[in-house]
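Here are the chains, one letter per residue:
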Amino acid sequence: MRAWYSLPILALLLGCSSDPATGEDPDAGDVGGDDALDTGSPTEAGADATDSGASDTSGDTGTPTDTAAPADTGVDAPVGPKADIHYIGRFDKNATRARFDWSGSALRTRFVGTGIDVKLAGSANQFQVEIDGAPTAVIKHAGGTVTHSLAKGLTDAEHDLLLVKRTEAFYYPVDFLGFVPTSGKPLVPTAARTRLIEVIGDSITCGYGVLGASVSCSFSADTESAYDAYGSIAARALNAEAVMISWSGIGAYRDNGGKTSEQMPTLWTRTLGTDPAPWSFSYTPDAVIVNLGTNDFAKGDPGKPYETAMTGLVKDIRKRYPKAEIFLALGSMLTDPDLSKARAHLDAVITGLGDAKVSRVELGVQDLAVDGGGCDYHPNVKTQKKMADKLVVALKARLGW
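Presented here is a report on the structure given in the accompanying data block. (Residues numbered from 1 in each chain as written. Predicted model: local features only at pLDDT ≥ 70, side-chain atom pairs only at ≥ 80, totals over all residues. Heavy atoms only, no water.)

## Some words on the pattern of salt bridges
Applied cut-off: Salt bridges are defined as contacts in which a side-chain nitrogen from Lys or Arg sits within 4 Å of a carboxyl oxygen from Asp or Glu. For every residue, the accessible area (1.4 Å probe, protein chains only) is compared with the maximum for its type, and the residue is labelled buried under 20%, exposed over 50%, or partly exposed between those bounds.
As enumerated under the stated definition, the model contains 18 salt bridges in all. Two residues, Glu-262 and Arg-270, come together in a salt bridge whose shortest N-O distance is 2.8 Å. Overall, Glu-262 belongs to the partly exposed group, its relative accessible area being 24%. For Arg-270, a relative accessible area of 4% gives the class buried.

Following this line, the structure appears as structure tokens:
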């Protein structure tokens, strides 16, 4: 299913807006499900047949030159508390590839040697590379089947790798076909993280425009980064993984343009944002943060229908995740009087639910005069960090982290 906005129209609309799993799951970081996939092998079935052997590196900050990868010798670890690749987010897996499109979807692994490559197929998207806990390269996958160099010239030792999808679902899916350590040595099985949060939201959660130089820039893949959005920042501060189910312009009841069909209560149930096939809900987050309302208010107070939609979404979340703490968030683009109205609506939802594990969290209002802003008046990195700090306090208080 195609997105309902073209990119230029989406940017215009958003510029106008006031816009681990634990317990039973043996591998807390693998939130994609099927462990049968041999993702250590860059098999090309189901992807474009031609591998260019090089990626588009124009404009890649710190991106090493991509080179063709040798045959993979990695093997997957048995199912259990350790695995050689951890899937963070929702993945549609088969025997040869793992397909994903949601913002912030990520793959975590450990390798031995001085470098590592990845083989990707599918649509054009951008990715943040993190080596040993520090952000390094940005990979710009221009589409097709391409082997990208993620790191090279490292100390010949064990290294941790995290690969995060910066761009959002409406760029369409990417197929992960395998990691290939340039040493030829197998990937190193590691334990998964034991904390998981899920963040459900709109462009703010996607990191729309977060890297923009000012409020006057328009939407682009270069300025969008889920890695630099509050959910990801908070997760890193808490040694947790974050799953983000977010789509720019969307709402709980209606989107930025006033459309009421296919809003987040519908998209949240999907494996891929661009495909109606349902998700299995195979992971169990410790906490779910719902940050929706900015777009619902784009055409004025949405009133009771917004409360009804939010109540339905929270009930569905509770059905899927019986033990999770659920936070209804406010921040950071709404201002009064809409902010006060949104707060009242959320309080009414919480009161009506009568669920002791549902609470409201305030992530603050961006201060453009002091902190500046990102593209189309969206929160920049400074504001996203402030939002994350508030979320961390709330999560620690409710979960004892």
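## Considering the nonpolar core
For clarity, the cut-off: Put simply, a nonpolar core is a bunch of buried Ala, Val, Leu, Ile, Met, Phe, Trp, Tyr and Cys residues held in one set by side-chain atoms that sit within 4.5 Å of each other. Segments assigned H or I by DSSP are reported as helices when at least four residues long, segments assigned E as strands when at least two residues long, and all are numbered from the N terminus. Contacts were defined at the residue level, with two residues in contact if any of their heavy atoms lie within 4.5 Å.
In this structure, Met-264, Trp-268, Val-290, Leu-292, Met-310, Ile-317 and Leu-328 are the most contacted members of the largest nonpolar core, which totals 42 residues. Among the secondary structure elements, those contributing two or more residues to this core are strand 13 (196–201), strand 14 (241–246), helix 4 (264–267), strand 17 (287–291), helix 5 (304–320), strand 18 (325–332) and helix 6 (338–353). Counting residues per element, this core draws most heavily on helix 5, which supplies six residues. Among all residues touching Leu-328, those that are not within four sequence positions of it are Val-290, Met-310, Val-314, Leu-346, Val-349, Ile-350, Val-358, Ser-359, Arg-360 and Val-361. Residues Ala-234, Leu-238, Met-244 and Val-361 belong to the second largest nonpolar core, which totals 25 residues.

## Some remarks on the sheet that holds strand 18
Quick note on the threshold: When DSSP locates at least two bridges between a pair of strands, those strands are taken to pair. Helix axes are fitted only over the stretch in contact, all axes being lines through C-alpha atoms; the angle between N-to-C directions runs from 0 to 180 degrees.
If you trace the five strands from one edge of the open sheet to the other, you get 14-13-17-18-19, paired in parallel fashion. The open sheet has two edge strands with one neighbour each: strand 14 and strand 19 (358–365). The sheet shows a mean angle of 20 degrees between the axes of neighbouring strands, direction not considered. Relative to strand 14, strand 13 is paired through six bridges, and the arrangement is parallel. Pairing of Ile-197 across the sheet is with Ala-242, part of strand 14. Helix-sheet contacts for helix 8 (residues 381–399) involve strand 13, strand 17, strand 18 and strand 19, and the interaxial angle to strand 19 is about 155 degrees.

## Examining unusual backbone geometry
Omega for the bond connecting Gly-331 with Ser-332 falls within 30 degrees of zero, at 10 degrees, which places this linkage in the cis form. With respect to the helices, strands and loops of the structure, Ser-332 is situated in strand 18. Along the chain, Asp-336 connects to Pro-337 via a cis peptide bond; the corresponding omega equals 10 degrees. A positive phi angle, close to 80 degrees, is found at Tyr-172, a residue other than glycine. Looking at where Tyr-172 falls in the secondary structure, it is placed in the loop between strand 10 (157–165) and strand 11 (174–181). For Tyr-172, a relative accessible area of 25% puts it in the partly exposed group. For Tyr-377, which is not glycine, the phi torsion reads 70 degrees and is therefore positive. Its location among the elements puts Tyr-377 in the loop between helix 7 (368–371) and helix 8. With a relative accessible area of 44%, Tyr-377 lands in the partly exposed category.

## A short note on the sheet that holds strand 3 (residues 92–93)
Read across the sheet, five strands follow the order 3-4-11-6-9 without closing on themselves; strand pairing throughout is antiparallel. Of all the strands in the sheet, the pair left with one neighbour each is strand 3 and strand 9 (146–151). Across two bridges, the pairing between strand 3 and strand 4 (residues 98–100) is antiparallel. Its bridge partner lying in strand 4, Asp-92 is registered against Arg-99.

## Things to note about the environment of Ala-134
With respect to the secondary-structure elements, Ala-134 resides in strand 8 (residues 134–141). Along the sequence, Ala-134 and Asp-160 sit 26 residues apart, while their C-alpha atoms lie 9.7 Å from each other.

## Topic: the pairing of strand 7 (residues 125–131)
A large share of strand 7 lies buried, amounting to seven of its seven residues. Residue alternation in strand 7 divides its side chains into two sets, Asn-125, Phe-127, Val-129 and Ile-131 and Gln-126, Gln-128 and Glu-130, and both sets are buried. Two elements, strand 7 and strand 8, share six bridges in a ladder whose sense is antiparallel. When the bridges of strand 8 are listed, Ile-131 appears paired with Ala-134. Linkage of strand 7 to strand 8, two consecutive antiparallel strands, is achieved through a turn of two residues, within which Asp-132 is found at a positive phi near 50 degrees. Of the strand pairs in this sheet, strand 7 and strand 10 are connected by five bridges, and their pairing is antiparallel. The residue bridging Ile-131 from the neighbouring strand is Leu-161, located in strand 10.

## Some words on helix 8
Heads up, the condition is: Expected helix span is given by 1.5 Å per residue-to-residue step, counting one fewer step than there are residues.
Here helix 8 spans 26 Å end to end across 19 residues, near enough to the 27 Å set by a 1.5 Å rise per residue. Those residues of helix 8 lying buried are Thr-383, Gln-384, Met-387, Ala-388, Leu-391, Val-392, Ala-394 and Leu-395. Just past helix 8, the residue Gly-400 takes up positive phi, approximately 75 degrees.

## Section: the environment of Thr-260
As for its position among the elements, Thr-260 is in the loop between strand 14 and helix 4. Classification of Thr-260 as partly exposed rests on a relative accessible area of 44%. Considered as a pair, Thr-260 and Pro-305 are 45 residues apart in the sequence and their alpha carbons are 10.0 Å apart. Every residue in contact with Thr-260, bar those within four places of it in the chain, is listed here: Tyr-253 and Arg-254.

Geometric values such as these leave the question of function open.
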